Amino acid sequence: MRRQLALPLALAAAVSVAATACSSSSSSGDSSGKQTRNAAEVASSVTDYNPQPYENLKDGGTYTTAGTFDEQGNPFNVNGTLNALRIWSWYNADAITYSPTGEVQYNPDYYSDVKVSVEGGDQKVVITLNPKAVFNDGTPIDWRAVEATWKANNGSDKEYAASSTDGYDRITSVTPGADAKQAVIAFKGVNASWSALFTTFLHPQAATVENFNKAYVKTAHPEWGAGPYTVGTWDAQSGNITFVRNPHWWGRKGKLDKRVYVNLERAASINAFKNGEIDYAPVGDAENLKQVKAVKDAEVRSGGSPFEYALYLNTKSPFLGDVQVRKAVQTSIDRSQITKIRFQGLDYSEPLPGSAVLYSFQQGYQDNVSAVLKYDPEQARKVLDEAGWKPGADGIRAKDGKELELGYTLLGDDPVEKAVSGAFTAMLKAVGVRLNVNKVSSNDFSKVLSERRFDLFISGNRSTDPFGARSLCDFYCSDRESNITGAGTPELDREIRATGDIADLGWQIEAVNKLEQKALQQYSLLPLYSGPSTYGLRKGLANVGATIFHSPLPETIGWQK
């Protein structure tokens, strides 16, 4: 579950990956500890989340934020978003997490022991599960939970609307080991990033096709969950959610009495924070930052971000089915201007992103976008001229009696996002393309994606693990549902999937970089920005903020003594 969609934030649909702080090799196969340490230092230098040990937190209290459930609450599902994953993690297993710089952290409340071996070129992972670990309905968390998670996500049954089959499809079997509490996972070949596949589990009952696709739509199933918290209230009418301590939990108890999500539009969350109604609010623009800084007993935390936002072009749209039109659209986009609008007043800058899967602070990253594409309106006009699109009296181009007119889907009412849409409109008009901005509710995010209700759409992705190279297929494979642009070819699919056969992470990243340059020449996806992780928080709130790859366990979130 590396790639999670979020809402712009959406694709907080998402916007975040090589192996930061993991072993990386040069093309000759020699590891470079110095380079890896430098990458780790860069990543750790941009965290800001008031890290505190469990013992430093008060017992009790409530932590309230803006938020609600999405239509699809199963994060393994192709329509599962980053928001769905965040909600899920408060009442389901958090078996594996990562440090800010990407080191694997096994949660002993679920994994008592993990052994990885390679025999005859094939990898075997043996997980010994905590004897106390059970789902809330009393079902043991044993090898069957690992098997159920694998079967639902491995792609062998196309009825499962799985977000990503990568990695799962390389597992040949999941069987019991010494007893039912030991899962033996056999791979075909080697998968260095296997840990990303089993960060959480599906209850075997939740892993049927019907339940995987539909059971979590607009509802929760706490009986299939596990962890220090469980669902207290899940109000389908208001959209509010409350999590309370789980009486079935066997590990350290949660420090908070309650974790509350209040259903508010993004724009309303700052006012709610100022009024003391919530304890945390994302800061999206300069005005938000100014207001948060003025709040008594509050502070701003800001750091790096494992998000990336991109402009997605729907290749199934009539005009965008032509690769030359897509190329002209992308060539006409001044990404630096978009970032100026997006980061205005935030005292933040970053290099323009050069990849959909790797970040500039990660080992192995390179700027693949610049190798393929540069902002050049004159070149965009030339491409359209050669494709037969001729300017009309009003400057808008036409061909075969049809004007070159595209739609841009705008989620919600955020003023910065409106300004960005205005910039796109002006940039495209300058090369002869009319852009119509279609505003929809942020609640329609899942439908916009699943039904491809867009020509152009900004969406983002968050890396939930540090192994981004393995997610190339999610963005560019033609047969992958998560590829919302619809671009790709069977030949490219085969080349991309072949990178999964490379055991060495450094070599894999090198191959992925080369293939991404080829994939970017489909002109279906244009990385735009990552942006800062900036938040307003009540003073004393611990283990919350800009964490990069780290997801603090729910029981460690609370109020500092």
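Residues numbered from 1 in each chain as written. Predicted model: local features only at pLDDT ≥ 70, side-chain atom pairs only at ≥ 80, totals over all residues. Heavy atoms only, no water.

1. Observations concerning the overall build of the protein chain
So the rule is basically this: The numbering of helices and of strands both runs from the N terminus, where a helix is a DSSP run of H or I of at least 4 residues and a strand a run of E of at least 2. The size measure is the radius of gyration over C-alpha atoms, and the globule rule it meets is 2.2 Å times the number of residues to the 0.38 power. Here, Shrake-Rupley sampling with a 1.4 Å probe gives the accessible areas, and only protein chains in the shown set may cover a residue. Just so you know, the count uses Lys and Arg for positive and Asp and Glu for negative, and it drops His and the chain ends. Where a charge lies is defined by one atom per residue type: Lys uses NZ, Arg uses CZ, Asp uses CG and Glu uses CD.
Regarding its fold elements, the protein chain presents 15 helices and 24 strands. Relative to the globule expectation of 24 Å for 561 residues, the C-alpha radius of gyration of the protein chain, 23 Å, shows essentially globular dimensions. With respect to the principal axes defined by its C-alpha atoms, the protein chain has extents near 75 × 60 × 50 Å. For the protein chain, the computed accessible surface area is about 21,500 Å², with 49% contributed by carbon and sulfur atoms. Between the averaged position of the 59 positive side-chain charges in the protein chain and that of its 64 negative side-chain charges there is a distance of 2 Å.

2. As for helix H11 (residues 415-429)
Defined as follows: The span expected for a helix works out to 1.5 Å for each residue beyond the first. Under the scheme applied here, a residue whose accessible area is under 20% of the maximum for its type counts as buried, over 50% as exposed, and between as partly exposed, the area being computed with a 1.4 Å probe on protein chains only. Picture the helix axis, draw a direction to every C-beta atom, and the arc is the one those directions span. Here a polar contact is taken to be a pair of N or O atoms separated by no more than 3.5 Å, where protein atoms must pair a possible hydrogen donor with a possible acceptor and residues adjacent in sequence count only if both atoms sit in side chains.
With 15 residues, H11 ought to run about 21 Å at 1.5 Å a step, and its terminal C-alpha atoms sit 21 Å apart, in line with that. Where H11 is concerned, the buried positions are Val416, Glu417, Val420, Ser421, Ala423, Phe424, Met427 and Leu428. The arc enclosing the buried residues of H11, seen along the axis, measures out at 155°, which places them on a common side. The N-capping residue of H11, defined by a side-chain oxygen 2.9 Å from the backbone nitrogen of Val416, is Asp414.

3. Digging into the packing of helix H5 (residues 266-274) against helix H6 (residues 286-293)
How two helices sit against one another is set out by the angle between their axes and by the gap between those axes. Applied cut-off: Whenever a helix is involved, its axis is fitted only over the stretch in contact; in every case the axis is a line through C-alpha atoms, and angles between N-to-C directions fall within 0 to 180 degrees. Oblique is the label for any angle not under 35 degrees, not over 145, and not in the 65 to 115 range, which are roughly parallel, roughly antiparallel and roughly perpendicular in turn. Contacts between residues were defined by any pair of non-hydrogen atoms, one from each residue, lying within 4.5 Å. When residues are grouped by polarity, Ala, Val, Leu, Ile, Met, Phe, Trp, Tyr, Cys and Pro land in nonpolar, Asp, Glu, Lys and Arg in charged, and all others, Gly among them, in polar.
At their nearest, the axes of H5 and H6 sit 10 Å apart, and the two run at 10° to each other. As the angle between them shows, H5 and H6 are arranged roughly parallel. Side by side, H5 and H6 meet where Ile270, Asn271, Phe273 and Lys274 of the first sit next to Asn288, Gln291 and Val292 of the second. Partitioning the contact of H5 with H6 into residue classes produces three nonpolar, three polar and one charged.

4. A word on the packing of aromatic side chains
Which entries qualify depends on this criterion: Pairing of aromatic side chains here covers Phe, Tyr and the six-membered ring of Trp, requires ring centres within 6.5 Å, and sorts the geometry by plane angle: under 30 degrees stacked, over 60 edge-to-face, intermediate tilted. Our definition puts a charge over a ring when NZ of Lys or CZ of Arg is within 6 Å of the ring centre and also within 35 degrees of the ring normal.
A complete count under the given rule lists 31 aromatic pairs for this structure. Following the ring pairs from residue to residue traces out a cluster consisting of Phe69, Phe76, Trp88, Trp90, Tyr91, Tyr216, Trp224, Tyr229, Trp234, Phe243 and Tyr261. It is Arg259 that lies over the ring of Tyr261; its NZ or CZ is 3.9 Å from the centre. One residue, Arg538, lies across the ring of Phe273, its end atom 4.2 Å from the ring centre.

5. Details of the confidence of the model for the protein chain
Spelled out, the test is: Per-residue confidence from the prediction method is given by pLDDT, with values spanning 0 to 100.
Mean pLDDT over the protein chain works out to 89, with 92% of the residues at or above the 70 mark. Contacts of residues 1-37 to residues separated by more than four positions or lying in other chains number 187 contacts, the stretch itself having pLDDT below 50.

6. Looking at the side chain of Asn191
The topology assignment puts Asn191 in the loop between strand S8 (182-187) and helix H4 (209-215). Within polar-contact distance, the side chain of Asn191 engages the backbone nitrogen of Ser193 at 2.9 Å. Setting aside its immediate chain neighbours within four residues, Asn191 contacts Gln123, Gly167 and Leu197.

7. What to know about the state of the cysteines
The following threshold applies: Two cysteine sulfurs form what is called a disulfide whenever their separation falls within 2.5 Å.
Enumeration according to the criterion identifies one disulfide in this entry. Note that Cys473 is cross-linked by a disulfide to Cys477, the S-S spacing being 1.9 Å. Judged by the torsion about the S-S bond (-105°), the Cys473/Cys477 disulfide is left-handed. Given a relative accessible area of 2%, Cys473 falls into the buried group.

8. Here's the deal with the sheet that holds strand S17 (residues 402-403)
Rules: Whether two strands pair depends on DSSP finding at least two bridges between them.
Reading across the sheet, the three strands line up as S15-S16-S17 and stay open at both edges, with antiparallel pairing between neighbours. Edge positions in the sheet fall to strand S15 (390-391) and S17, since each has one partner strand and no second. Here S15 runs beside strand S16 (residues 397-399); their pairing, made up of two bridges, is antiparallel. Across the sheet, the residue bridging to Lys390 is Ala398, located in S16.

9. So, unusual backbone geometry
The phi dihedral of Tyr523 falls on the positive side, at around 55°, and the residue is not glycine. Along the chain, Tyr523 turns up in the loop between helix H15 (505-520) and strand S21 (525-529). Residue Ile548 is not a glycine yet carries a positive backbone phi of 55°. You can see Ile548 is positioned in the loop between strand S23 (541-542) and strand S24 (558-559). For Ile548, a relative accessible area of 1% translates into the label buried.

10. Points about the sheet that holds strand S7 (residues 171-176)
An order of S5-S6-S8-S7 is seen for the four strands of this open sheet, with the pairing classed as antiparallel. The sheet is open, and its two borders are formed by strand S5 (111-119) and S7, each paired with just one other strand. The average undirected angle you get between the axes of adjacent strands in this sheet is 15°. Pairing between strand S6 (residues 122-129) and S8: five bridges, direction antiparallel. Paired with Thr128 across the strands is Gln182, a residue of S8. Taken strand by strand, helix H3 (residues 143-153) contacts S6, S7 and S8, and its axis lies near 160° from that of S7.

11. Details of the environment of Glu299
By the secondary structure assignment, Glu299 is in strand S13 (residues 298-303). The spatial distance from the C-alpha of Glu299 to the C-alpha of Ala356 is 32 Å, given a sequence separation of 57 residues. Side-chain polar atoms of Glu299 contact the side chain of Arg301, separated by 2.6 Å.

12. Notes on the pairing of strand S18 (residues 405-411)
What counts here: By convention a crossover is right-handed if, when the strands point away from the viewer, the path from the first strand over the helix to the second runs clockwise.
Most of S18 is tucked away, with six of its seven residues classed as buried. Bridging between S18 and strand S19 (residues 434-440) involves seven bridges; their strand directions are parallel. When the bridges of S19 are listed, Gly407 appears paired with Asn436. A crossover links S18 with its parallel partner S19, the connecting element being H11, and its sense is right-handed.

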